[in-house]
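Listed below, chain by chain, are the residues.
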Amino acid sequence: DTLTLDSAIARARRAARGPRLAALRVAERAATARAARTDRLPRLELGGQWLGNTGTQRLAVPQGALGTDAGDRPLPFADRVLEQPGRAAWFATATLAQPLTPLVRVAAGVRAADAAAREAEADREVAAREVALGVERLYLAALVADRRAESARLTLAARGARRDDVVRTVQA
């Protein structure tokens, strides 16, 4: 199986740590940029409260507690017990807020996060190209070594042929 330059570069890119780490940094910086952009959105806050009563409320109003009427009779005329059945209540609140003053800082943070994401992408590309360059250098060095070995083999064969010619010439 012959290893081509393209397949060697592809193998090296899959195996090299530098481009993989750079790709992870790209994903991290992109997530940071998305998070920074969410700070521009309004905030929704929800809250709730449950108020419950387990029994009937009783209020005792004694005779004459409210004074007297025009005929000088006590109000109420007799002791009274007022009953109020127990009730529960649910209160909910929702607040939608968009603070305006921090938007300038948020916009600056978004620009910085976007710039960091672009920088990480450029670093990833540099790491991938460095791997490719290293593989190309090794590949070319292997080709040069192969050609030198072939040249040495041919040189030896030529010298052997010349020696044979010299030996024949001397014997003749």
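See the structure shown above.
Residues take numbers from 1 onward in each chain, read along the sequence in its written order. The model is predicted, so local features are restricted to residues of pLDDT at least 70 and side-chain atom pairs to those at 80 or more, both for listing and for counting; the totals for chains, interfaces and linings are taken over all residues. As a rule here, side-chain values come from all non-hydrogen atoms in the structure, and water together with hydrogens is ignored.

Before we move on, could you go through the packing of helix α2 (residues 17-38) against helix α3 (residues 103-171) and cite the residues and values that matter?
Between N-to-C directions, angles span 0 to 180 degrees; the directions come from axes that are lines fitted to C-alpha atoms, helices contributing only their stretch in contact. Secondary structure elements are defined from DSSP: runs of H or I of at least 4 residues count as helices, runs of E of at least 2 residues count as strands, and each element is numbered from the N terminus. Close contact between α2 and α3 brings their axes to 8 Å; oriented N to C, the two are set at 165 degrees. Here α2 lies roughly antiparallel to α3, going by the angle between them. Considering how the two elements wind past one another, α2 and α3 form a crossing that is left-handed. Gly counts as polar in this scheme, as do all residues outside two lists: the nonpolar Ala, Val, Leu, Ile, Met, Phe, Trp, Tyr, Cys and Pro, and the charged Asp, Glu, Lys and Arg. Partitioning the contact of α2 with α3 into residue classes produces 16 nonpolar, three polar and seven charged. Should an angle lie under 35 degrees it is considered roughly parallel, over 145 roughly antiparallel, and from 65 to 115 roughly perpendicular; all remaining angles are considered oblique. Left-handed describes a crossing whose near helix is turned anticlockwise from the far helix through less than a right angle; right-handed describes the clockwise counterpart.

Any chance you could break down the pairing of strand β1 (residues 43-51) for me, citing the residues and the numbers?
Exposed residues in this analysis have more than 50% of their type's maximum accessible area, buried residues have under 20%, and partly exposed residues fall in between, with area computed by a 1.4 Å probe over protein chains only. Counting buried positions along β1 yields zero of nine residues, so the element is predominantly exposed. Criterion used throughout: strands pair if DSSP finds at least two bridges between them. Sheet analysis places β1 next to strand β4 (residues 89-97), joined by nine bridges and oriented antiparallel. Within β4, the position partnered with Gln 49 by the bridge is Phe 91.

Which residues make up the pattern of salt bridges, and what values do they have?
Take a side-chain nitrogen of Lys or Arg and a carboxyl oxygen of Asp or Glu: if they are within 4 Å of each other, that pair is a salt bridge. Under the counting rule described, the total for this entry stands at 11 salt bridges. Arg 58 is the salt-bridge partner of Glu 83, the closest N and O atoms lying 3.5 Å from each other. Placement of the pair is Glu 83 in strand β3 (residues 80-84) and Arg 58 in strand β2 (residues 57-61), with a sequence separation of 25 residues. Arg 58 carries the same exposure label as Glu 83, and that label is exposed. Here Arg 73 ties to Asp 69 by a salt bridge, and the two come within 3.2 Å at their closest N and O atoms. Salt bridges sharing partners connect three or more residues here, namely Glu 121, Arg 124, Glu 125 and Arg 129.

Account for the nonpolar core, naming residues and giving values.
Side-chain atoms within 4.5 Å are what join buried Ala, Val, Leu, Ile, Met, Phe, Trp, Tyr and Cys residues into a set we call a nonpolar core. In this structure, Ala 8, Ile 9, Ala 12, Ala 16, Val 131, Ala 132 and Val 135 together form the largest nonpolar core, which totals seven residues. Among the secondary structure elements, those contributing two or more residues to this core are α1 (5-15) and α3. When sequence neighbours within four positions are dropped, the list of residues in contact with Ala 132 reads Ile 9 and Arg 13. We call two residues in contact when some of their heavy atoms are within 4.5 Å.

Treat this as a map of the structure, not an account of what it does.
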